[in-house]
Amino acid sequence: MKQIFNFSAGPAVLPKPVLERAQAEMLDWHGSGMSVMEMSHRGKEFTSILEKTEADFRQLLRIPANYKVLFLQGGAIAENAMIPLNLLNGKTADYVVTGAWSKRSVEDARAYGNIHVAADAEQTGFTTVPDFASWQLTPDAAYVHYCTNETINGVEFLQVPETHGVPIVADMSSHILSRPIDVSKYGVIYGGAQKNIGPAGLCLVIVREDLLAQASPLTPAVFHWKTQADNQSMINTPPTYSIYIAGLVFEWLLAQGGVEAMEQINIAKANLLYDYLDQTDFYYNPIQPAYRSRMNIPFRLRDETLNDAFLKAADLHGLLQLKGHRTVGGMRASIYNAMPIEGVQALVAFMQTFEK
Ligand code: PMP
């Protein structure tokens, strides 16, 4: 098989050892005679997979005991609606808009109650995060929602704003597990799996226990966090195979040295590409340096008439899925945990050659 590097924003590259292990276990998981796909979600085999997957996830992110981990479906977009249904309880919620995904979260939430945009970076073309001091927070809001890594725009921040006791709800879909986080600073953390965790079909929600008591009676059972928490995420059939692959990814991450080690590698990978982008006149990245994403690096050619030629040549060099999101154009390199540094080196080398 020819060497390729896959820069897709998601579904995205998975660690090769994980895919090899899934391949080896495909027909017969641990002597059970069954594929994981064929197992009852309530049987002892799958129960052991789910328990180990949750334990490893908790270890990786040091999730405190007073937080529940839910394995849900519907992706991050389903949670956009379920967050107000589970938390709003007749109050106002504050939203901060730093890119396409947090903007979408506002649109999805509006149907469920009073949604207040506390800060909005759209005027900058989504190239920065508004100063925390400028956020117009509502003192008794039900929660403050933001997206810590904007997958399309390439804007990332991890400083946690002071919200004076108002719970923070963070969409971490595209950089969860790329670096350590202090979970205790958040009320809810959620993310679709298909970037840094595993296959599509699984959405992880980490929720502080005291926030489980305020859901609207209209909340569907499969999205009702307390119901799911009380039933080990099995009020319905969970996405078993996606959970299994996520579990293999967590084991792989632990073997790499956990999220602390991943952060160092991710910094090195991102620096490699940003350093090159900053010293060439041929390409550029428009994001304010303090908020540049380590996971999703959009870049443009100064001469956009060369876009098609760039993508075609990149493909021929085994550098795949570099086309930017259809709403913003240009290019984007997504370099999640599973992208080895060799992939970024190959990309930079190709970009230099193309420039010449
Ligand atoms: N939020 C972010 C930050 C995302 O990157 C995405 C997917 N690209 C979504 C939400 C939507 O996720 P899904 O398609 O899994 O619902």
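The preceding data block contains the structure.
Rules behind the numbers
- Residues numbered from 1 in each chain as written.
- Predicted model: local features only at pLDDT ≥ 70, side-chain atom pairs only at ≥ 80, totals over all residues.
- Heavy atoms only, no water.
- 1 Å grid on protein atoms, 1.4 Å probe; cavity = no way out; pocket = protein on both sides within 12 Å on 5 of 7 lines; lining within 4 Å.
- Points joined across faces, edges and corners; volume = space filled by probe spheres on them.
- Helix = DSSP H or I, 4+ residues; strand = E, 2+ residues; numbered from the N terminus.
- Nonpolar A, V, L, I, M, F, W, Y, C, P; charged D, E, K, R; others polar.
- Buried < 20%, exposed > 50% of the residue type's maximum accessible area, 1.4 Å probe, protein only.
- Pairing = 2+ DSSP bridges.

Here's the deal with the layout of surface pockets
Part 1 of the argument: Empty space within the largest pocket amounts to approximately 430 Å³.
Part 2 of the argument: The wall of the largest pocket is formed by 15 residues, among which Q3, I4, V13, L14 and K16 lie closest to the centre.
Part 3 of the argument: At the level of secondary structure, the elements contributing two or more residues to the lining of the largest pocket comprise β1 (5–6) and α1 (16–24).
Part 4 of the argument: When the residues that make up the lining of the largest pocket are grouped by side-chain class, the tally is 10 nonpolar, two polar and three charged.
Part 5 of the argument: Here the second largest pocket defines a volume of roughly 290 Å³.
Part 6 of the argument: Lining the second largest pocket are 19 residues, with A76, I77, W101, Q194 and K195 sitting closest to its centre.

Section: unusual backbone geometry
Part 1 of the argument: Looking along the chain, the bond that leaves G10 and enters P11 is cis, with omega of -5°.
Part 2 of the argument: By the element assignment, P11 lies in the loop between β1 and α1.
Part 3 of the argument: Even without being glycine, H30 reaches a positive phi, approximately 50°.
Part 4 of the argument: Relative to the helices and strands, H30 is located in the loop between α1 and α2 (44–61).
Part 5 of the argument: Phi is positive for F126, which is not a glycine, with a value near 55°.
Part 6 of the argument: Note that F126 resides in the loop between β4 (114–120) and β5 (144–147).

Looking at the pairing of β5
Part 1 of the argument: Neither face of β5 is open: one carries V144 and Y146, the other H145 and C147, and all of them are buried.
Part 2 of the argument: Two strands pair when backbone bridges link them, and strand β3 (residues 92–97) and β5 are joined in this way by two bridges, in the parallel orientation. Along β5, the bridge assignment pairs Y95 with H145.
Part 3 of the argument: Sheet analysis places β5 next to strand β8 (residues 168–171), joined by four bridges and oriented parallel. Opposite Y146, over in β8, you have A170 as the bridge partner.

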